Amino acid sequence: MKPVRSEFWHSDGRRLSGLSTLFLLAPFFAVIAFVFIYPIVQLLVISVTEPHPTLDNYARVVGNPVHARVMARTLWTATLVTALSVILGFPVAYYMSRAKGAVAALVAVCVILPLWSSVLVRTAAWSFLFQRNGLINSALMGLGLTSQPVKLLYTQSAVVIAMTHVLLPFMILPIYGALRSIPNDYTRAAAVLGATRWRTFLEVILPLSLPGVVSGSLLVFLTALGFFITPALLGSPQEMMVSTLVSQQIREVLDWPFAAALVGVLTLFVTLLAVVFSKTLRFDRLMGAAS
């Protein structure tokens, strides 16, 4: 099916001209340019012009083993969070797409409600759970699984678990949208042809839901790359991620050029990743729309 183009229309049904459309979109693009594009460009300029025109700041990012490990740890953490989000989020999204009435509304509220609370609040809650005398350690010792508190706080595991919890709705909702766009006739046709429920899921539902999975994975992965609050509160200096390193360079070391180079490397990676996905998948399919 040919994708439908989004266009602006008059109330009487006449299509707006290109100039009128540009006028309506100008405030949006002005805000994006001021709060996003301009600061990024300024940082990129600083990274190659201070203290003098040079690429030494970028050489420090890739040449220093410590900084290289921070970059690798950030990529690995984002990958783990994305994988866990897919594993935990797909069943929830599938159940949401099949549930009806009050049950569907309850599940949707449980998924969306965490988005109404601050990331700081949710991270602080996890810090209380992971404490030596927190609920998790108390339960482990109460069940006799451990004889003493286990170190949970200030570990990479704590960071991954908390980040997965925070970003899980961003995985569930795109997958839910893709699953809802699958016509019920497809599953009925598969059943008529003799396919079992498991085979119908593997050969019909799962392939058609992949655009939602890819969309959610991209959203979670890119967000996890720049996550700051959760790694800063639950991680340790040995588990530092790029966002924490950038904050340290700006606030403590006052090395703005190196911090800008870190941002430049991260921006380049994110841009390349987005371009690759945009070339391999159409935008409407990426967002889970039916074609």
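Cut-offs used in this document
- Residues numbered from 1 in each chain as written.
- Predicted model: local features only at pLDDT ≥ 70, side-chain atom pairs only at ≥ 80, totals over all residues.
- Heavy atoms only, no water.
- Helix = DSSP H or I, 4+ residues; strand = E, 2+ residues; numbered from the N terminus.
- Contact = heavy atoms within 4.5 Å.
- Areas by Shrake-Rupley, 256 points an atom, 1.4 Å probe, with all protein chains shown as cover.
- Patch = residues over 30% accessible without salt bridge, like charges linked within 9 Å, V, L, I, M, F, W, Y side chains within 5 Å.
- Salt bridge = Lys/Arg side-chain N within 4 Å of Asp/Glu carboxyl O.
- Buried < 20%, exposed > 50% of the residue type's maximum accessible area, 1.4 Å probe, protein only.
- Expected span 1.5 Å × (residues − 1).
- Arc of directions from axis to C-beta.
- Phe/Tyr/Trp six-rings, centres within 6.5 Å; stacked < 30°, edge-to-face > 60°.
- Lys NZ or Arg CZ within 6 Å of the ring centre and 35° of its normal.
- 1 Å grid on protein atoms, 1.4 Å probe; cavity = no way out; pocket = protein on both sides within 12 Å on 5 of 7 lines; lining within 4 Å.
- Points joined across faces, edges and corners; volume = space filled by probe spheres on them.
- Nonpolar A, V, L, I, M, F, W, Y, C, P; charged D, E, K, R; others polar.
- Axes fitted to C-alpha atoms, helices over the stretch in contact; angles between N-to-C directions.
- Parallel < 35°, antiparallel > 145°, perpendicular 65-115°, else oblique.
- Core = buried A, V, L, I, M, F, W, Y, C linked by side-chain atoms within 4.5 Å.

Caption draft 1: Structural detail: the overall build of the protein chain. A count of helices and strands for the protein chain gives 13 helices and 0 strands. Written out in order from the N terminus, the α and β elements of the protein chain read α-α-α-α-α-α-α-α-α-α-α-α-α. A sequence separation of at least 24 residues applies to 70% of the contacts in the protein chain between residues at least 6 apart. Approximately 17700 Å² of the protein chain is accessible, and the part contributed by carbon and sulfur atoms is 70%.

Caption draft 2: Seen up close, a nonpolar patch on the surface. On the surface, a nonpolar cluster with roughly 970 Å² of combined accessible area is contributed by Phe-28, Phe-29, Val-31, Ile-32, Phe-34, Val-35, Phe-36, Ile-37, Val-41 and Val-45. Tracing the sequence through the fold places Val-35 in helix H1 (residues 18–49). The exposure class of Val-35 is exposed, given its relative accessible area of 52%.

Caption draft 3: Expanded view of helix H5 (residues 119–130). Compared with an ideal rise of 1.5 Å per residue, which puts 12 residues at 16 Å, H5 spans 17 Å between its outermost C-alpha atoms and is within 8% of the ideal. Inspection of H5 places Arg-122, Thr-123, Trp-126, Ser-127 and Phe-130 among the buried residues, and these make up the whole buried set. One side of H5 carries all its buried residues, which in axial view fall inside an arc of 145°. The exposed residues of H5 that point more than 90 degrees off its buried face are Val-121 and Phe-128. Each element contacted by the buried residues of H5 is listed here: helix H6 (135–142), helix H7 (156–180) and helix H10 (229–234).

Caption draft 4: Representation of the pattern of salt bridges within the structure. Inspection of the entire model under this criterion finds 3 salt bridges. Of the charged contacts in the structure, one is a salt bridge between Asp-255 and Arg-60, with a shortest N-O distance of 3.0 Å. Taken together, the residues span a long stretch of sequence, with Asp-255 in the loop between helix H11 (242–253) and helix H12 (256–280) and Arg-60 in helix H2 (residues 56–63) at a distance of 195 residues. By relative accessible area, Arg-60 is classed as partly exposed at 34%. In this structure, the salt-bridge partner of Arg-188 is Asp-185, at a minimum N-O distance of 2.3 Å. With Arg-188 and Asp-185 both in helix H8 (residues 184–192) and 3 residues apart, the pair spans about one turn of that helix.

Caption draft 5: Region of interest: the packing of aromatic side chains. Under the definition given, this model contains 6 aromatic pairs. Relative to Phe-201, the ring of Tyr-94 lies with its centre 5.7 Å away and its plane at 85°, an arrangement referred to as edge-to-face. Within this pair, whereas Tyr-94 is found in helix H3 (residues 65–98), its partner Phe-201 is found in helix H9 (residues 197–225), the two being separated by 107 residues in sequence. Linked through ring pairs, Phe-90, Tyr-94, Trp-198 and Phe-201 together constitute an aromatic cluster. A cation sits over an aromatic face here: Arg-60 above Phe-258, 4.1 Å from the ring centre.

Caption draft 6: Examining the environment of Tyr-186 more closely. Inspection of the secondary structure assignment puts Tyr-186 in helix H8. Linking Tyr-186 and Val-204, residues 18 residues apart in sequence, is a C-alpha distance of 7.4 Å. If near-sequence neighbours (up to four positions away) are discounted, Tyr-186 is found in contact with Val-204 and Leu-208.

Caption draft 7: Representation of the layout of surface pockets within the structure. Volume-wise, the largest pocket comes out at about 360 Å³. The wall of the largest pocket is formed by 14 residues, among which Ile-40, Val-263, Leu-266, Thr-267 and Val-270 lie closest to the centre. Among the elements of the structure, H1, H9, H11 and H12 are those that each provide at least two residues to the lining of the largest pocket. Considering each element in turn, the lining of the largest pocket owes the most residues, 5 residues, to H12. Classifying every residue of the lining of the largest pocket by side-chain character gives 10 nonpolar, 4 polar and no charged.

Caption draft 8: Spotlight on the packing of H5 against H6. Look at H5 against H6: their axes get within 5 Å of each other, and the N-to-C directions meet at 30°. In this view, H5 runs roughly parallel relative to H6, as classed from their interaxial angle. Between H5 and H6, the residues in contact are Phe-128, Leu-129 and Phe-130 and Leu-135, Ile-136 and Asn-137, respectively.

Caption draft 9: Structural view of the nonpolar core. Counting 52 residues, the largest nonpolar core has Met-163, Ile-175, Leu-179, Leu-234 and Leu-262 as the members making the most contacts within it. For this core, the secondary-structure elements that each account for two or more residues are H1, H3, helix H4 (101–112), H5, H7, H9, H11 and H12. Not counting residues within four places of it along the chain, the set of residues in contact with Leu-234 comprises Thr-123, Trp-126, Ser-127, Leu-153, Tyr-154, Thr-155, Ala-158, Val-159 and Ala-162.

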